Amino acid sequence: MNCLAMRYFLSPMLKFLLRRLLSVLATLLVITAIIYGIVCVAPVESRARLYMGRRVSATLPPEVEQRWIESVIQEHGLNDPYPIQYFRWVSLLLRGEWGWSPILRSDVLDALLKRSPATVELTLYSLLLFIPLGLVSGAVAGWRRTRITDQVFRLVAFVSTSIPPFILGLVLLSLFYVGLHWFLLGYLSTAESLAVRSSSFKTITGLLTIDGLLNGRPDISLDAIRHLVLPVVTLSLFHWATLGRVTRVAMIEELDKDYIVAAHARGLPPRRILWQHALRNAAVPGLTTSALSAASLITGVYVVEVVFGWPGVSKLITYSMWQPDVALAAGFAVYSVLAVLSLMVLLDIIQAVVDPRLREGGSKS
Amino acid sequence: MRNLRRFLSRQQNLLACTIVGFYILVAILAPQLSPPDDAGHPSPFRIVGKSHDPIPRPPSAEAPLGTVPGQMDIYYTLVWGTRSALRFGLIVTLTTACLGVLIGAVSGYYGGIVNGLVMRITDAFLTFPAIAGVWLFQQVMTPASSFAEPTPLQEAWLNLKLHPVMLTLILFSWMPYARLINASVVQLKQMEYVQAARAVGARNVRIILRHLLPNALSPAIVLGARDVGGMVILESAFTFVGLGGATEWGVLLVTSRDYVIGMSGNPLTYWWVFLPATLALVFFGIGWNLLGDGLNTLLNPRTSH
């Protein structure tokens, strides 16, 4: 590709990305305001934890901690009007001080980041699985409308959207882990996790499948994959079915349009019409739906993590049963919103790559 | 009436109505199907045998579908849980649908900057995963320590007697309705009949309620029918994570989770601990989903394939 073509492609793409970034910032402002609004219902003593950054040492005697809490309430004006408090809290968030969790006895942001890679790995592989599969199977079903392929697809998709993922996860575990022993439970086997913790293993991306290869230990990657298969399948099935169904309907509508008829009339091979002409347009509604339901995907990630004992961020939920921990829950909420937003932007970029109209400044309806 | 006959003439719709009707019937007839011990205040759970016995017992004369660990009668809970599942699904769906329709219609009718702003806020709500909301609400509503009094704000909140899951799902699932209604209202208000209504001096409330909503409502009805099942399944997923407890089917599944994996690699060793409850949930979802599909073909014949 020569230089001119590069500029032609990049500049609308860059503009598109900048516009997305602005709207992401606006969204963040609104949603953090809502989160802090909910947090404000909590008593002042619980909220004070939000303002105790990394400065707190892990073990404080109760009386000292009580005095500390009171000074934090004074210092940060926790009885001030809501807008003032909100902006103070946001500036703390931006500085990376997300508060201190009394249950974990650690900084909230550290706790979240420590468990992040496992969650990211699970989410990424699910996306890699269900987006191509959903688009292709939906397109083929729409192409072969009312034939046997279509009917099988519709049946399987319908069943997949009806089974609750947490039950599906347990049944898959009992079949493939307990029964056949093809795949494994948890994150990593004991021998491999010892190897990962040893000093010779360098954590580069945090994703075990990739770090294993980078460290020249393909066996670790393989072990990680054996642990990933079941949770990824459980998570993907529902979203695959939804994406496939929307794509199928879009495909059927697309195939009725004039430009497809014209392409047929010009004598283009049908396969080429399907994959190069129709799919580009038919993929957009499905990807938009996936982007809009990114929040439910993240909820699904957390549920699947719990079912499979995955050491991701959802582990934090199970810790907080005994003591109120507003800071941890608020940090978790902000983290989850950031995760959803990055998913949405990722799906938007895929859309813009597939459909040039979006890049050229047309707005999605 | 003609519509109803046309609706029921499709096998799929007949099946949907049968399934949903069956659940409603079970909910109404719960006292007859499974008489409670205390007819005045029926509890959704009943323990047969010793409550410290952790081994689930197979179906017997006492418990027709067996028991889960802790000897809770599965059949009894399934029957009585139908009531709370239906109640939960319908309350959450109706409230979110009304909220979303109202927000979407009013802001779409006024249009301009207001609509842009409201839709921005709607999109912001869309980025919030419900599970984080449930957790946050639970944490926020608990007093600072076990001997502390709840704050006035918390007190007011607790007096509403709303389950955190219900509250979260209502607050964070109205957005699809608002978006759907908004899109059609923005289109419809340009049409001549609306301008005619305005010209003869109809008030805004009347235009929205009588002229715009009836024409814009059908996609929201379809979405609502599908949501009833979805909300109950979502709630039981939250229960499974440890954040729920508003419906009893989820509780049933959580208590027996260790036995689902089964012993000796056969998932059917303890089939009764999860199969009946799962099927109850799955068919609940399927029934409402089919009903939504049927309504879709009836109400939006052009867009349904």
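Residues numbered from 1 in each chain as written. Chains lettered and ligands numbered in written order. Predicted model: local features only at pLDDT ≥ 70, side-chain atom pairs only at ≥ 80, totals over all residues.

(A) View of the overall build of chain A. The secondary structure content of chain A amounts to 16 helices and two strands. For chain A, the C-alpha atoms occupy an extent of roughly 85 × 50 × 45 Å along the three principal directions. Put simply, chain A has 365 residues, and 43% of those count as buried. Long-range contacts, defined here as pairs at least 24 residues apart, represent 78% of the contacts in chain A between residues at least 6 apart. (Helix = DSSP H or I, 4+ residues; strand = E, 2+ residues; numbered from the N terminus. Buried ≥ 20, exposed ≤ 12 C-beta atoms within 10 Å, placed from the backbone. Contact = placed C-beta atoms within 7 Å.)

(B) Local environment of the interface of chain A and chain B. Contact with chain A, which involves 49 residues of that partner, is made by 47 residues of chain B. Of all the secondary structure elements, the ones that give two or more residues to the side of chain A that touches chain B are helix 1 (3–39), helix 2 (44–47), helix 7 (165–179), helix 10 (218–255), helix 13 (294–307), helix 14 (315–319) and helix 15 (326–354) of chain A.

(C) Examining the environment of E305 of chain A more closely. All names here are of chain A. Turning to its location among the elements, E305 is positioned in helix 13. For the pair E305 and I225, spaced 80 residues apart in sequence, the C-alpha separation works out to 15 Å. In this structure E305 touches T119, L122, W310, G312 and S314, once residues within four positions along its chain are discounted.

(D) A look at the packing of helix 10 of chain A against helix 12 (residues 270–292) of chain A. All names here are of chain A. The contact between helix 10 and helix 12 brings their axes to 8 Å, and the two run at 140°. Relative to helix 12, the element helix 10 lies oblique. For the element pair helix 10 and helix 12, the recorded crossing hand is right-handed. Across from H239, T242, L243, V246, T247, A250, M251, E254 and L255 in helix 10, the residues of helix 12 making contact are A278, N281, A282, A283, P285, G286, T289 and S290. A class-by-class count of the residues in the contact of helix 10 with helix 12 yields nine nonpolar, seven polar and one charged. (Axes fitted to C-alpha atoms, helices over the stretch in contact; angles between N-to-C directions. Parallel < 35°, antiparallel > 145°, perpendicular 65-115°, else oblique. Left-handed = near helix turned anticlockwise from the far one by under 90°. Nonpolar A, V, L, I, M, F, W, Y, C, P; charged D, E, K, R; others polar.)

(E) Inspection of the confidence of the model for chain B at higher detail. A residue-level look at chain B finds 92% of positions with pLDDT of 70 or above and a mean pLDDT of 82. The ipTM value of the predicted complex is 0.85, and its pTM value is 0.86. (pLDDT = per-residue confidence, 0-100.)

(F) Spatial organisation of the environment of A250 of chain A. All names here are of chain A. With respect to the helices and strands, A250 occurs in helix 10. Separated by 130 residues in the primary sequence, A250 and V120 place their C-alpha atoms 30 Å from one another. Excluding residues that lie within four positions of it along the chain, A250 makes contacts with A282, P285 and G286.

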